[in-house]
Amino acid sequence: MKKTYLSILAFVLISLVSHAQEVVPISKAEAITKVSQENTSLKISEQEFMVARADYKQTNAIFLPNITASHTGITTTNPLMAFGSKLNQEILTQNDFNPALLNDPSHIQNFATKFEIQQPLVNLDGIYQRKAAKAKMEAMSLKQTRTGDYLTLEVEKAYMQLQLAYKGVDVLEKALQTSQANKKLTDNSFEQGYLQKSDVLNASVRVTEVQNQLQTAKSNVQNASDYLSFLMNDDAYVVYKPSDVLEKQTLVIAANNEISENRADIKAMQLATDAYSAMNKADKMAFYPSLNAFGSYELYDDQLFQGSANGYLLGAQLKWDLFQGAKRFGKVQKSQAEFQKSQLEYEQYVSKSTLELNQAKRTLLDAENKLSLNKLALAQSEESLRIRKNRFKEGLEKTTDLLMAETQYAQKQLEYYQTIFEYNYAQAYLQFLTKQ
């Protein structure tokens, strides 16, 4: 008994909460705007671009100098270090050449302040690595653009699903009213002896069926609202109500109606292939020598942060790594394979996109034909229900036939709105595929 009471109480509380949940009207344009500003996937894509841009900026090192400064202090009795420290401090005297002092010097302190610069001059592998990083950065930018296009399509689909869910609720609420009215009419006819008990039970079953369908339709509204909230990164999860009407739309689609190589994702794939090509060339350029200039300016003293003696060093280095244990050969082979793989992936992606486009064209054509037929079927089922309802009132129609006509009319309404959704989405998807 206690468990039953708690279950009833919980059901009442849930019902109160669900009825008290806020209903917020929203237009498709508002949903798209909010998704473009708040969606987490877009923010992730933006950070991926920032990572690629930071990698590209790091390649500035092949042009810009590397400058360091250091201050080092030592104390030593090492003969070589002691003699060199005095020499750097420019305090060497004739007495310091005494063999006894050279072999066993007293301890000496040396503080050295050193400024070093390394300037790359010719690094062919670094140039191609920079090209690869730039291609990757541009690919990430295009990926971010395509992510935005996809989310626009996704929010349009979610919004249309919300519209369809509300249409389902409207249709089933009217169907419930009709079935209840028919139930009442059946009860009256049964009391007058015109109908059997089975007819009353059939009418009651129909009312129950519509009530169950209506509850499912209301859950669909909540599910569609939740998904729209997820896309907009809104953790309030209110119940949204579309302010735009679900109706047949005509969208602007590319005139040639074909896949464009300038589509953001396809262009990004091409840039990724270019990046792999540049990396392969960079690995090949590693076999060539590199030329770098270097220099330093040094201050020496036996006191901290002083510099009574100074000197500089300038030079250039031509470096050629002749052999690295076959490591570079392996890198070239690997980058060559990655480049060829990326070419094949690009060709496969374009081919798949063309396949999707052809399917989308057929889907749109099928949806358009289906919409025309369902519109006709809806009008016919409505007229059939009207005729059977009038005949039933006159006692010329069976209860089962009336219930069947009522069920068919509700079903045709739902099918008609479902087809509008399919047609509109097919258009939006075709526009997405052909966008440049």
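Scope of this entry: the structure provided in the associated data block.

Calculation rules
- Residues numbered from 1 in each chain as written.
- Predicted model: local features only at pLDDT ≥ 70, side-chain atom pairs only at ≥ 80, totals over all residues.
- Heavy atoms only, no water.
- Helix = DSSP H or I, 4+ residues; strand = E, 2+ residues; numbered from the N terminus.
- Rg over C-alpha atoms; globule rule 2.2 N^0.38 Å.
- Buried < 20%, exposed > 50% of the residue type's maximum accessible area, 1.4 Å probe, protein only.
- Areas by Shrake-Rupley, 256 points an atom, 1.4 Å probe, with all protein chains shown as cover.
- Phe/Tyr/Trp six-rings, centres within 6.5 Å; stacked < 30°, edge-to-face > 60°.
- Lys NZ or Arg CZ within 6 Å of the ring centre and 35° of its normal.
- Core = buried A, V, L, I, M, F, W, Y, C linked by side-chain atoms within 4.5 Å.
- Axes fitted to C-alpha atoms, helices over the stretch in contact; angles between N-to-C directions.
- Parallel < 35°, antiparallel > 145°, perpendicular 65-115°, else oblique.
- Contact = heavy atoms within 4.5 Å.
- Nonpolar A, V, L, I, M, F, W, Y, C, P; charged D, E, K, R; others polar.
- 1 Å grid on protein atoms, 1.4 Å probe; cavity = no way out; pocket = protein on both sides within 12 Å on 5 of 7 lines; lining within 4 Å.
- Points joined across faces, edges and corners; volume = space filled by probe spheres on them.
- Pairing = 2+ DSSP bridges.
- Salt bridge = Lys/Arg side-chain N within 4 Å of Asp/Glu carboxyl O.
- Patch = residues over 30% accessible without salt bridge, like charges linked within 9 Å, V, L, I, M, F, W, Y side chains within 5 Å.

Right, let's get into the overall build of the protein chain. Helix and strand content of the protein chain: ten helices and six strands. The C-alpha atoms of the protein chain give 40 Å as radius of gyration, which overshoots the globular expectation for 436 residues (22 Å, by more than 25%). Per-residue burial over the protein chain gives 34% buried out of 436 residues. Accessible area of the protein chain: about 26,700 Å², with a carbon and sulfur share of 55%.

What follows covers the packing of aromatic side chains. One pass over the full model with this rule turns up eight aromatic pairs. When the ring of tyrosine 227 is compared with that of phenylalanine 230, the centres are 6.1 Å apart and the planes differ by 20°; the resulting orientation is stacked. Remark: phenylalanine 230 and tyrosine 227 occur in helix 7 (residues 197–231); sequence separation between them is three residues, near one turn of the helix. In textbook terms, an aromatic cluster arises when at least three aromatic residues are bridged by ring pairs, as seen for Tyr150, Phe421, Tyr425, Tyr429 and Phe432. Its guanidinium or amino end placed over the ring of tyrosine 423, lysine 248 lies 5.1 Å from that ring's centre, counting from NZ or CZ.

Here we come to the nonpolar core. Counting 58 residues, the largest nonpolar core has Ile26, Leu162, Val221, Leu228, Met232, Tyr240 and Tyr417 as its most contacted members. Looking at this core, the elements that each hand over two or more residues are helix 2 (28–38), helix 6 (124–191), helix 7, strand 4 (239–242), helix 9 (327–393) and helix 10 (399–434). Counting five residues, the second largest nonpolar core, distinct from the first, contains Phe49, Tyr56, Ala133 and Met137.

Running from N to C, helix 2 and helix 3 (residues 40–58) cross one another at 40°; their axes reach a closest spacing of 6 Å. Taken together, the axes of helix 2 and helix 3 are oblique relative to one another. Touching Val35, Ser36, Gln37 and Glu38 of helix 2 are Thr40, Leu42 and Lys43, all from helix 3. In the contact of helix 2 with helix 3, the residues fall into two nonpolar, three polar and two charged.

Time to look at the layout of surface pockets. In this model, the second largest pocket occupies a volume close to 350 Å³. Elements with a minimum of two residues in the lining of the second largest pocket: helix 3, helix 6 and helix 8 (264–285).

Another point: the environment of leucine 172. Within the secondary structure layout, leucine 172 lies in helix 6. Residue classification places leucine 172 among the buried positions, given a relative accessible area of 5%. Once the C-alpha coordinates of leucine 172 and phenylalanine 432 are considered, the two residues, 260 residues apart in sequence, prove to be 33 Å apart. Residues contacting leucine 172, with those up to four places away along its chain left out, are Val210, Gln213, Leu214, Ala217 and Leu414.

It is worth spelling out the sheet that holds strand 6 (residues 309–319) at this point. Spatially, the four strands line up as an open sheet ordered 2-3-5-6, and their pairing is antiparallel. Sheet topology places strand 2 (66–76) and strand 6 at the edges, where each strand pairs with a single neighbour. Across the sheet, the axes of successive neighbouring strands diverge by a mean angle of 20°, strand direction being ignored. Note: strand 5 (residues 290–301) against strand 6, eleven bridges, orientation antiparallel. Bridging across to strand 6, tyrosine 300 finds its partner in alanine 309. In the packing of helix 4 (residues 79–89) onto the sheet, the strands contacted are strand 2, strand 3 (108–122), strand 5 and strand 6, and the crossing angle to strand 3 comes to about 75°.

This paragraph deals with the pattern of salt bridges. Any two side chains of opposite charge can pair, given that their charged atoms come close. The full count for this structure, using the stated rule, is 19 salt bridges. For arginine 263, the salt bridge is made with aspartate 265, and the minimal N-O distance between the two is 2.7 Å. Looking at arginine 263, the relative accessible area reads 2%, which means it is buried. Judged by relative accessible area, aspartate 265 falls into the buried class, the value being 10%. Connected through salt bridges with shared partners, the residues Arg146, Asp149, Arg263, Asp265 and Lys435 form a single ionic network.

What follows is about a nonpolar patch on the surface. On the surface, a cluster of nonpolar side chains totalling about 410 Å² of accessible area is made up of Leu121, Val122, Leu124, Ile127 and Tyr288. When residues of the nonpolar patch are traced back to their parent elements, those giving at least two are strand 3 and helix 6. You can see leucine 124 is positioned in helix 6. For leucine 124, a relative accessible area of 30% puts it in the partly exposed group.

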